[in-house]
Amino acid sequence: MRKFASKAAMTVMIMPMMIPILAGCSGEHIAPLAATDMPAARASAGYHLGAGDKLRISVYNEPALSGEYSVTPAGAVAFPLIGTVNVADHTIEQVTGDITHRLDKGYVQDPRVSVEVLNFRPFYILGEVNKPGEYAYSTGLTVEKAVALAGGFTYRANARTVFVRRDNGPGEGSVQLRGTPVSVLPGDTIRIGERYF
């Protein structure tokens, strides 16, 4: 009985020392995703173009200028008559205004330009999913839907917290999957960590 009591006392003494160690093993400590975890509707309203997006640019009554244009890795499109148009980190409205303004300088009389995104740049998912890789973005995509597209979690995955890095963002933010759904934006990278217990 005395032997058992001394083992119990030793366990009580060791447990407080183990708590910080176990807490450190429970996962990575990365700050929650900040203001960028906005609903999809608001996110797409202020969407900023980037490399990999495919655009349809139409100029009214100018079929030779209208067509599909891919955004190059340098963040630009080559447009007839006016040359290179930088579109990276610009909204649809800004690009429409820029092309209209440049065409109005002696190329097209009273140009009416419309720009729309045909295909958004892809997003990426890494780590503990069954099919990591690059996936086509679709409007309304959430972190949970992205995991489903990648074949779901592996048996080692931490299914409670995942990490998201916004396209060209400074770092990752953590996302709790049991909370409000978090939107995935074009170009995002999602990383699924490994659980420890």
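In case you missed it, the structure is sitting above this.
No experiment lies behind these values; they were computed from the predicted model shown. (Residues numbered from 1 in each chain as written. Predicted model: local features only at pLDDT ≥ 70, side-chain atom pairs only at ≥ 80, totals over all residues. Heavy atoms only, no water.)

## A word on helix H3 (residues 92-103)
Inference 1: Taking 1.5 Å of rise per residue, 12 residues should cover 16 Å, and H3 covers 16 Å from first to last C-alpha, within 8% of that figure.
Inference 2: Turning to H3, its buried residues number three or more, namely Ile 92, Val 95, Thr 96, Ile 99 and Leu 103. Projection of H3 onto a plane perpendicular to its axis shows the buried side chains occupying an angular sector of 100°, all on one side.
Inference 3: Here the buried face of H3 lies against strand E1 (54-59), strand E3 (76-79), strand E4 (83-86) and strand E5 (113-119). (Helix = DSSP H or I, 4+ residues; strand = E, 2+ residues; numbered from the N terminus. Expected span 1.5 Å × (residues − 1). Buried < 20%, exposed > 50% of the residue type's maximum accessible area, 1.4 Å probe, protein only. Arc of directions from axis to C-beta. Contact = heavy atoms within 4.5 Å.)

## A closer look at the pattern of salt bridges
Inference 1: Applying the stated rule across the entire model yields eight salt bridges.
Inference 2: Between Lys 54 and Glu 68 there is a salt bridge whose closest N-O contact spans 3.4 Å. Remark: Glu 68 occurs in strand E2 (residues 67-70) and Lys 54 occurs in strand E1; sequence separation between them is 14 residues.
Inference 3: A salt bridge links Glu 172 to Arg 191; its shortest N-O distance comes to 2.8 Å. Taken as a pair, Glu 172 in strand E9 (residues 172-176) and Arg 191 in strand E10 (residues 189-192) lie far apart in primary sequence, 19 residues in all.
Inference 4: One network of salt bridges, in which partners are shared, links Asp 53, Arg 121 and Asp 167. (Salt bridge = Lys/Arg side-chain N within 4 Å of Asp/Glu carboxyl O.)

## Some details on the sheet that holds E1
Inference 1: Ordered by their spatial adjacency, three strands build an open sheet running E2-E1-E5, and the pairing between neighbours is antiparallel. The sheet is open, and its two borders are formed by E2 and E5, each paired with just one other strand. Mean inter-strand twist for the sheet, computed between neighbouring axes without regard to direction, equals 30°. (Pairing = 2+ DSSP bridges. Axes fitted to C-alpha atoms, helices over the stretch in contact; angles between N-to-C directions.)

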